[in-house]
Amino acid sequence: MRHIISILLENEAGALSRVSGLFSARAFNIESLTVAPTEDASLSRMTIVSVGSDDVIEQITKQLNKLIEVVKVVDLSEAPHIERELMLVKVRAIGKDREEMKRVADIFRGRIIDVTESTYVVELTGNTSKLDAFIEAIDRTLILEAVRTGVCGIGRGDRILRV
């Protein structure tokens with residue numbers, strides 16, 4: 001099962017390394033990892049997407065809570081949440097492909113943020129399946145380069161990850 005683990009941790013050198021080391025020490029794969037400071041500059045929020053059984057995720061969560069830098073851990077997948085990812089795709093856009101690429105970007109509510117004589121850079125945000133669907137919808141031979149941020153997520157309603 002896919003899990004989105006959100007971690008509030010002290011914003012200090014080596015904290016990211018210790019958290020990711022915990023996963024690698026147990027031969028557990030991280031599909032996506034995002035981290036950035038929160039509204040409190042002394043804290044960072046890390047979002048990790050991983051696939052595993054509920055038991056394995058529970059063990060990982062317990063181990064994360066033992067790390068000194070970790071303030072709080074929450075599995076967002078356990079309750080309603082919102083998740084988003086950003087993708088920038090540089091595509092070849094020449095001749096008939098130019099109009100088709102603009103049409104597909106519009107369908108997926110993407111924005112063309114850079115235009116040259118032969119390329120577009122398309123910006124898309126959404127859940128992982130939406131971004132995957134965009135890649136499937138266009139001719140893969142037109143993709144010159146793609147970069148994705150990884151998932152960031154937040155609980156819905158009153159659910160808050162705070163100290």
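Up top you'll find the structure we're talking about.
From a predicted model like this one, the values you see are computed outputs, not experimental measurements.

Caption draft 1: Region of the structure containing the layout of surface pockets. Looking at the largest pocket, its volume works out to about 280 Å³. Listing elements by their share of the lining of the largest pocket, those giving two or more residues are β2 (32-37), β3 (43-51) and β9 (152-155). With four residues, β2 is the largest single contributor of residues to the lining of the largest pocket. By residue class, the composition of the lining of the largest pocket is ten nonpolar, three polar and five charged.

Caption draft 2: Spatial organisation of the side chain of Glu-83. Here Glu-83 lies in strand β5 (residues 81-92). At 2.9 Å, the side chain of Glu-83 forms a polar contact with the side chain of Arg-2. Within the local environment of Glu-83, its side chain forms a polar contact with the side chain of His-81, the two groups lying 3.1 Å apart.

Caption draft 3: Examining helix α4 (residues 128-137) more closely. Taken as a whole, α4 has its buried residues at Leu-131, Phe-134 and Ile-135. Within α4, the buried residues cover an arc of 100 degrees as seen down the axis, which keeps them to one side. Turned more than 90 degrees off the buried face of α4, the exposed positions are Ser-129 and Glu-136. The inward-facing, buried residues of α4 contact β5, α3 (96-107), β7 (119-126) and β8 (143-148).

Caption draft 4: Geometry of the pattern of salt bridges. The final tally for this structure, using the stated rule, is ten salt bridges. A salt bridge links Glu-58 to Lys-62, with the shortest nitrogen-to-oxygen separation between them at 3.3 Å. A residue pair is termed a helical-turn pair when its members lie 3 or 4 positions apart in one helix, as Glu-58 and Lys-62 do in helix α2 (residues 54-66) at four residues. Of the residues examined, Glu-58 reaches a relative accessible area of 42% and is grouped as partly exposed.

Caption draft 5: Up close: unusual backbone geometry. Positive phi values are uncommon outside glycine, yet Ala-27 reaches one of about 55 degrees. By the element assignment, Ala-27 lies in the loop between α1 (15-25) and β2. Positive phi outside glycine occurs at Arg-109, with the angle close to 55 degrees. You can see Arg-109 is positioned in the loop between α3 and β6 (111-115). Residue classification places Arg-109 among the exposed residues on the basis of a relative accessible area of 73%.

Caption draft 6: How the structure looks around the environment of Lys-130. Within the secondary structure, Lys-130 sits in helix α4. In this structure, the C-alpha to C-alpha distance between Lys-130 and Leu-67, residues 63 residues apart in sequence, is 35 Å. A polar contact of 3.1 Å, which involves the side chain of Lys-130, links it to the backbone oxygen of Thr-125.

Caption draft 7: Region of interest: the pairing of strand β1 (residues 2-10). Most of β1 is tucked away: seven of the nine residues are buried. One ladder, built from nine bridges, connects β1 with β3; its direction is antiparallel. Bridge pairing in β3 places Arg-2 opposite Val-51. Here β1 pairs with strand β4 (residues 70-75) via five bridges, running antiparallel. Counted as the bridge partner of Leu-9 is Val-70 from β4.

The rules behind the values
- Think of each chain on its own: its residues are numbered from 1, step by step along the sequence as written.
- Residues qualify for local features only when their pLDDT is at least 70, as the model is predicted, and side-chain atom pairs are given and counted only at 80 or more; totals for whole chains, interfaces and linings, by contrast, use all residues.
- Values reported for side chains reflect all heavy atoms of the structure, with hydrogen atoms and water molecules removed beforehand.
- As defined here, a cavity is a set of points on a 1 Å grid over the protein atoms alone where a 1.4 Å probe fits but cannot get out. A pocket is an open set with protein on both sides within 12 Å along at least five of seven lines, and residues line them when an atom is within 4 Å of a point.
- Grid points are joined across faces, edges and corners, and a volume is the space filled by probe spheres set on the points.
- A run of DSSP states H or I qualifies as a helix once it reaches four residues; a run of E qualifies as a strand once it reaches two. Both are numbered from the N-terminal end.
- Polar here means any residue other than Ala, Val, Leu, Ile, Met, Phe, Trp, Tyr, Cys and Pro, which are nonpolar, and Asp, Glu, Lys and Arg, which are charged; Gly is therefore polar.
- N or O atoms within 3.5 Å of each other form a polar contact, as long as, within protein, one can give a hydrogen and the other can take it, and as long as residues adjacent in sequence are counted only when both atoms are side-chain atoms.
- Using a 1.4 Å probe on the protein chains alone, a residue whose accessible area is under 20% of its type maximum counts as buried, one over 50% counts as exposed, and one in between counts as partly exposed.
- An arc is given here, and it is the one of the directions from the helix axis to the C-beta atoms.
- Residues are treated as being in contact if the distance between any of their heavy atoms lies within 4.5 Å.
- Criterion for a salt bridge: a side-chain nitrogen of Lys or Arg within 4 Å of a carboxyl oxygen of Asp or Glu.
- The rule for pairing is simple: two strands pair if DSSP sees at least two bridges between them.

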